[in-house]
Amino acid sequence: MLLLLSRLVMFFSGWKIEGQAPPEKKYIIVAGPHTSNWDFIFGLATKTILRLPTKYLGKSQLFRWPFGAFFRYVGGYPVDRSAHQNLVDAVVDLFNKHEEFSIAVAPEGTRSYVPELKTGFYHIARKAQIPIRMAGFDYKRKIVTIAEPFFAGPDMEADIQKVVDYFRSMTPKYPEKTIR
């Protein structure tokens, strides 16, 4: 049912997917630019159409009644952003416990403007020794892109800049809310 609904959403909205399902057994998807709730809809549709087993991190408020069961069903893991916790190590533990595992994060951490990306994805990729896949939402071309993987290197700033540059190549729904 979700597959049919996902295909209908993409078809009637005119969106396409550019790129392939990752063949890797473990990876982290960095999705952005994240400026609209529609990013989640198109991301979920893409995940469903490509049959990706990818989970995602979402703010804990999404997982309350009445929608919590749905968000868990489609792969969500709640994150309490008010509590200081070692989320990086918790996610690395998930990668270590599973033979196949992938997770998607929005490194902006919000749909609002932020001056820089959160770096948790970089630390997760380094500690778990997994590739980073970038997924972009381009509202001008109506395309969700899946980029080729890369491994986080020792130069965090260079890797973060690679992600920022990738997101800058996309036209977000609300350009004023994205990293400039």
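The rules behind these values
- Residues numbered from 1 in each chain as written.
- Predicted model: local features only at pLDDT ≥ 70, side-chain atom pairs only at ≥ 80, totals over all residues.
- Heavy atoms only, no water.
- Salt bridge = Lys/Arg side-chain N within 4 Å of Asp/Glu carboxyl O.
- Helix = DSSP H or I, 4+ residues; strand = E, 2+ residues; numbered from the N terminus.
- Buried < 20%, exposed > 50% of the residue type's maximum accessible area, 1.4 Å probe, protein only.
- Phe/Tyr/Trp six-rings, centres within 6.5 Å; stacked < 30°, edge-to-face > 60°.
- Expected span 1.5 Å × (residues − 1).
- Arc of directions from axis to C-beta.
- Contact = heavy atoms within 4.5 Å.
- Polar contact = N/O pair within 3.5 Å; in protein donor to acceptor, adjacent residues only side chain to side chain.
- pLDDT = per-residue confidence, 0-100.

A.B. asks: Help me understand the pattern of salt bridges, please; the structure alone is not making it clear to me.
C.D. replies: Pairing between side chains of opposite charge can happen when the charged atoms of each approach one another. Evaluation of the coordinates by the stated rule reveals five salt bridges. Across the pair R168 and D165 runs a salt bridge whose closest N-O atoms are separated by 3.8 Å. In this pair, R168 and D165 both sit in helix α6 (residues 156-168), three residues apart, roughly one turn of the helix. A relative accessible area of 43% means that R168 is categorised as partly exposed.

A.B. asks: I would appreciate a short explanation of the packing of aromatic side chains in the present structure.
C.D. replies: We describe a pair of aromatic rings using the distance from one ring centre to the other and the angle between the two ring planes. All chains considered together, the criterion is met by 12 aromatic pairs. When the ring of F42 is compared with that of Y139, the centres are 6.1 Å apart and the planes differ by 70°; the resulting orientation is edge-to-face. Residue F42 is located in helix α2 (residues 38-49), and its partner Y139 is located in the loop between β6 (131-138) and β7 (143-146); the two are separated by 97 residues in the primary sequence. Across the pair, Y139 and F42 agree in class, each one buried.

A.B. asks: Just to check I follow, could you spell out α6 for this structure?
C.D. replies: With 13 residues, α6 extends 18 Å between its outermost C-alpha atoms, agreeing within 8% with the 18 Å of an ideal straight helix rising 1.5 Å per residue. Listed in full, the buried residues belonging to α6 are D159, I160, V163, V164, Y166 and F167. Along the axis of α6, the buried residues cluster in a sector spanning 160°; they form a single face. Those residues of α6 hidden inside the fold are in contact with β2 (26-32), α5 (120-128), β6, β7 and β8 (150-151). Here α6 starts with a cap whose side-chain oxygen sits 3.3 Å from the backbone nitrogen of E157, and that cap is D155.

A.B. asks: Honestly, the confidence of the model for the chain in this entry has me stumped. Any pointers?
C.D. replies: In regions of low pLDDT, the predicted coordinates are not meant to be interpreted in detail. In the predicted model, the chain carries a mean pLDDT of 91, and 96% of its residues have values of at least 70. Least confident of the elements in the chain is strand β4 (residues 76-79), whose mean pLDDT is 84; most confident is strand β1 (residues 16-18), at 98.

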